[in-house]
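Residue strings, one per chain:
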Amino acid sequence: ITATLAAKGIANGFLAGLRPIDPGTARFVGTAYTMRALPVREDLLRAVSERGAPNLHRRAMREVGAGQVIVTDCGAAAGVPFFGELLSPFLASKGVAAIVTDAGIADTADVAATGLPVFCQGSAPIPGPARRLVGDLQRPVDCMGVTVCPGDVLVGDENGVAVIPRAMVAEVVAAAEEKEHLEKFLLERLKAGAPLDGTYPPDEETLAAYEASRET
């Protein structure tokens, strides 16, 4: 997918630095529900605590729905445990597709046990006062140096997470599937002893053989 995006002019579509907490439950696809969290400022936190301002974190937990992926912009703060043991099963029960956070995760073993795909910078079982306050929902965010807009399609697996602009989904899917078919064909030829030159990248003769195999 990332190679297909690059070929179509989107060079920055991979969330480098995020890994699944459980590679066995890493595969997902869903649409982005974005959250932007800022460093805590005491007066703003007090306003939320005293209900003089909306608690956007709680609103997000209510609003996010089945098939959506929570994507956070926490300033890439790896030491901030933005999700943990209690929120994850709640989100999994709602059918949320995944959590993709540029922060850390507390209680990683318990979170992994929910089966919910979760990508983060790593374990952050760090207690203490709140260090991030959600300031925006459903706005474009910066997640690990990649712009993610609400409704963009995210695809995750053991390798990480790719972000497909919503308007490009159909063409990227078609091109990526075609690329996958071609590369499987080339892999089989290389396994069978074909020379690297002319096979990868494929020359005209190899491409003609590929097209013939597709027709049959």
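Scroll up to find the structure.
Since we're looking at a predicted model, the values are computed, not measured.

Notes on the overall build of the protein
Per the secondary structure count, the protein includes seven helices and twelve strands. Structurally, the protein occupies a C-alpha span of about 70 × 35 × 25 Å along its principal axes. Per-residue burial for the protein yields a buried fraction of 38% across its 216 residues. For the protein, long-range pairs separated by at least 24 residues make up 73% of all intrachain contacts whose partners lie at least 6 apart in sequence. Of the roughly 11400 Å² that the protein leaves accessible, carbon and sulfur atoms contribute 54%.

Re helix α7 (residues 204–215)
With twelve residues, α7 should reach 16 Å at 1.5 Å per residue; the first-to-last C-alpha distance of 17 Å fits that figure. In this structure aspartate 203 caps α7, since a side-chain oxygen of it lies 3.3 Å from the backbone nitrogen of glutamate 205.

Re the pattern of salt bridges
One pass over the structure, following the stated rule, counts six salt bridges. Between glutamate 178 and arginine 214 there is a salt bridge; the shortest N-O distance is 3.0 Å. On the criterion of sequence distance, the pair formed by glutamate 178 in helix α6 (residues 169–191) and arginine 214 in helix α7 is long-range, its members being 36 residues apart.

Quick word on the state of the cysteines
In the structure shown here, the tally under the stated rule is zero disulfides. Counting only cysteine sulfurs, cysteine 143 is the nearest neighbor of cysteine 74, a cysteine outside any disulfide, at a range of 8.5 Å. Of all cysteine sulfurs in the structure, the one in cysteine 143 sits closest to cysteine 149, which takes part in no disulfide; the separation is 12 Å. With relative accessibility at 28%, the residue cysteine 149 sits in the partly exposed group.

Calculation notes
- Position numbers for residues count from 1 along each chain, tracking the sequence in the order it is written.
- Given that this is a predicted model, residues contribute local features only at a pLDDT of at least 70 and side-chain atom pairs are listed and counted only at 80 or more, while totals for whole chains, interfaces and linings are drawn from all residues.
- The side-chain numbers reported here are obtained from all heavy atoms of the structure, hydrogens and water having been left aside.
- The helix and strand labels rest on DSSP assignments: H or I over at least four residues marks a helix, E over at least two residues marks a strand, and numbering proceeds from the N terminus.
- Accessible area is worked out with a 1.4 Å probe on protein chains only. A residue is then buried under 20% of its type maximum, exposed over 50%, and partly exposed in between.
- Contacts: residue pairs with any heavy atoms within 4.5 Å of one another.
- Methods summary: accessible areas were calculated by the Shrake-Rupley approach with a probe of 1.4 Å, and residue burial reflects only the protein chains presented.
- A helix is expected to span 1.5 Å multiplied by its residue count minus one.
- Polar contact is the term for a pair of N or O atoms within 3.5 Å; when the atoms are in protein, one must be able to donate a hydrogen and the other to accept it, and sequence-neighboring residues count only if both atoms are side-chain atoms.
- Salt bridge, as used here, is a side-chain nitrogen of Lys or Arg placed within 4 Å of a carboxyl oxygen of Asp or Glu.
- Disulfides are defined as pairs of cysteine sulfur atoms found within 2.5 Å of each other.

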